[in-house]
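This is what each chain is made of:
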Amino acid sequence: MFDVTALGELLIDFTPCGISPAGMRLFEQNPGGAPANVLCALSNLGLKTAFIGKVGQDMHGDFLYETLQSQKVCTTGLVQDSNVFTTLAFVELSESGERSFSFARKPGADTCLRIGELNEDIIKNTKVFHFGSLSLTDEPARSTTFSAVETAKSSGAIISYDPNYRALLWKSREEAMVRMRSVLSLVDIIKMSDEETELLTGAKSPDDASKILIESGIPCAVITLGKDGALIRTKTSLAQVKAIDCTVVDTTGAGDAFWGGFLYKLVQSNKRPGELTAEEANDFVEFANAVATLCVQKRGAIPAMPYLKDVMNLYQQKVRR
């Protein structure tokens, strides 16, 4: 039995890394992809995780396969395909550490995962099944995602969803809205940023958006608010928890680190999302904030995911205050 299994993109984040002697920008090869980032955060915290997805049978795919193995993420469900190229994302960082992206994904290996390539033994034996919206942009990955989510749900898994909107990967904003909303009836817990609330619910306000999601039947909704922390709502509680002040080096993977921390607490609680008390909801976000805070103080996504000991030190300092 796995604690958390995730399906979706596993890719290379090429992040800025100085200037060459010839005056040209240098880029650093970093492993990434939101679902994989979440799993590596969870693995560093001590949970048993598994990844389902596809990379190319190329130098980048080999690197990503080896990365997950080194992070103790089960790779039995990772397919390598010689017919497609591993997806690449070129990241540009502002002075404040905020990101913008350029993707090489036409198609990328992650969009080419087929239903027949799914490892159902993993999907049927996981406590939490996590996925994002980028596997919904193209076929055959879209149908494969639905099949995997439906299998996991029928097997009793908690279904976790991160919309993770990337405008460049959709044909239009309207298509993104339709596709990103199409899975909501299957979801038990959702994490989104304040920039995604209107896409998912039609409401700009995080408070209004979370209320709409709960009323639609999702037991727990979490909305990240950047430097303002995060809002969490269940049927019986609503709380907003402030972020932890720190010096930001790179925000790549921050939301995934946060969600890894939250899912860690959820698995440890042995509860369904709708069963959380107000105190537990607040505590889970406090812990998740500590994980994200440590992540943004280092470069990259997977390489920046912290370990449990360091998270506990920061979390306990925060709680004591």
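Conventions used here
Residues numbered from 1 in each chain as written. Predicted model: local features only at pLDDT ≥ 70, side-chain atom pairs only at ≥ 80, totals over all residues. Heavy atoms only, no water. Buried < 20%, exposed > 50% of the residue type's maximum accessible area, 1.4 Å probe, protein only. Helix = DSSP H or I, 4+ residues; strand = E, 2+ residues; numbered from the N terminus. Pairing = 2+ DSSP bridges. Expected span 1.5 Å × (residues − 1). Arc of directions from axis to C-beta. Contact = heavy atoms within 4.5 Å. Polar contact = N/O pair within 3.5 Å; in protein donor to acceptor, adjacent residues only side chain to side chain. Axes fitted to C-alpha atoms, helices over the stretch in contact; angles between N-to-C directions. Phe/Tyr/Trp six-rings, centres within 6.5 Å; stacked < 30°, edge-to-face > 60°. Lys NZ or Arg CZ within 6 Å of the ring centre and 35° of its normal. Salt bridge = Lys/Arg side-chain N within 4 Å of Asp/Glu carboxyl O. 1 Å grid on protein atoms, 1.4 Å probe; cavity = no way out; pocket = protein on both sides within 12 Å on 5 of 7 lines; lining within 4 Å. Points joined across faces, edges and corners; volume = space filled by probe spheres on them. Nonpolar A, V, L, I, M, F, W, Y, C, P; charged D, E, K, R; others polar.

## Observations regarding the pairing of strand E13 (residues 238-241)
Move 1: Here E13 shows a buried face lined by Ala-239 and Val-241 and an unburied face lined by Leu-238 and Gln-240.
Move 2: Examined bridge by bridge, strand E12 (residues 230-234) and E13 share four bridges and lie antiparallel to one another. Counterpart to Ala-230 in the pairing with E13 is Val-241.
Move 3: Linking E12 to E13, which pair antiparallel, is a turn of three residues.

## Here we look at helix H2 (residues 59-70)
Move 1: Between its first and last C-alpha atoms H2 spans 16 Å; for 12 residues at 1.5 Å apiece the expected length is 16 Å, and the two agree.
Move 2: The complete set of buried residues in H2 reads His-60, Gly-61, Leu-64, Thr-67 and Leu-68. The buried residues of H2 occupy an angular sector of 120° when projected down its axis, which confines them to one face. Residues of H2 that are exposed and point over 90 degrees away from its buried face: Met-59, Glu-66 and Ser-70.
Move 3: Those residues of H2 hidden inside the fold are in contact with strand E2 (11-19), strand E3 (25-32), helix H1 (34-44), strand E4 (49-56), strand E5 (73-81) and strand E6 (88-93).
Move 4: The N-cap residue of H2 is Asp-58: its side-chain oxygen and the backbone nitrogen of His-60 are 3.1 Å apart.
Move 5: Residue Lys-72 follows H2 closely and has a positive phi angle near 65°.

## Focus: the sheet that holds E5
Move 1: Pairing in this open sheet of nine strands is mixed, and the strands run E5-E4-E1-E8-E9-E10-E11-E12-E13 from one edge to the other. Two strands in the sheet have a free side with no partner beyond their single neighbour: E5 and E13. Averaged over all pairs of adjacent strands, the angle between strand axes in this sheet comes to 15°, irrespective of strand direction.
Move 2: Two elements, strand E1 (residues 2-7) and strand E8 (residues 126-132), share five bridges in a ladder whose sense is parallel. Bridged to Val-4 within E8 is Val-128.
Move 3: Strands E1, E8 and strand E9 (158-162) of the sheet are contacted by helix H4 (residues 141-154), whose axis makes an angle of about 155° with E8.
Move 4: Its contacts with the sheet place helix H7 (residues 206-215) against strand E10 (189-193), strand E11 (220-224), E12 and E13, and it is angled at close to 30° to E12.

## Here's the deal with the packing of aromatic side chains
Move 1: Per the counting criterion, the structure on display carries nine aromatic pairs.
Move 2: Taking the centre distance of 4.9 Å and the plane angle of 10° together, the rings of Trp-259 and Phe-262 count as stacked. Pair noted here: Trp-259 and Phe-262 are both in helix H8 (residues 254-269), with a separation of three residues, about one helical turn.
Move 3: According to the relative accessible area criterion, Trp-259 is buried, its value standing at 0%.
Move 4: For Phe-262, a relative accessible area of 0% puts it in the buried group.
Move 5: The ring centre of Phe-2 lies 5.1 Å from the NZ or CZ of Lys-48, which sits over that ring.
Move 6: The residue whose ring lies beneath Lys-265 is Phe-287, and the NZ or CZ to ring-centre distance is 5.3 Å.

## Things to note about the pattern of salt bridges
Move 1: In the structure shown here, the tally under the stated rule is 16 salt bridges.
Move 2: Notably, a salt bridge pairs Glu-280 with Lys-271, separated by 2.9 Å at the nearest N-O pair.

## Points about empty space enclosed by the protein
Move 1: For the coordinates displayed, the defined rule picks out one cavity of 30 Å³ or more.
Move 2: Of the voids in this model, the largest cavity is the one considered here, and its volume is about 40 Å³.
Move 3: Around the largest cavity, the lining residues are Leu-7, Gly-8, Ile-52, Gly-53, Lys-54, Asp-110, Leu-113, Ser-135, Ala-141 and Thr-145.
Move 4: Sort the elements by how many residues they give to the lining of the largest cavity and E4 lands first, with three residues.
Move 5: Of the residues that constitute the lining of the largest cavity, the class distribution is four nonpolar, four polar and two charged.

## Re H4
Move 1: The terminal C-alpha atoms of H4 lie 20 Å apart, and with 14 residues this matches the ideal 20 Å at 1.5 Å per residue to within 8%.
Move 2: When H4 is considered as a whole, its buried residues turn out to be Ala-141, Arg-142, Thr-144, Thr-145, Ser-147, Ala-148, Val-149, Thr-151 and Ala-152.
Move 3: Looking at the buried side of H4, the elements it contacts are E1, helix H3 (120-123), E8, E9 and helix H5 (173-181).
Move 4: Just beyond H4, the residue with positive phi is Gly-156, at close to 95°.

As far as function goes, none of this settles anything; it's purely spatial.
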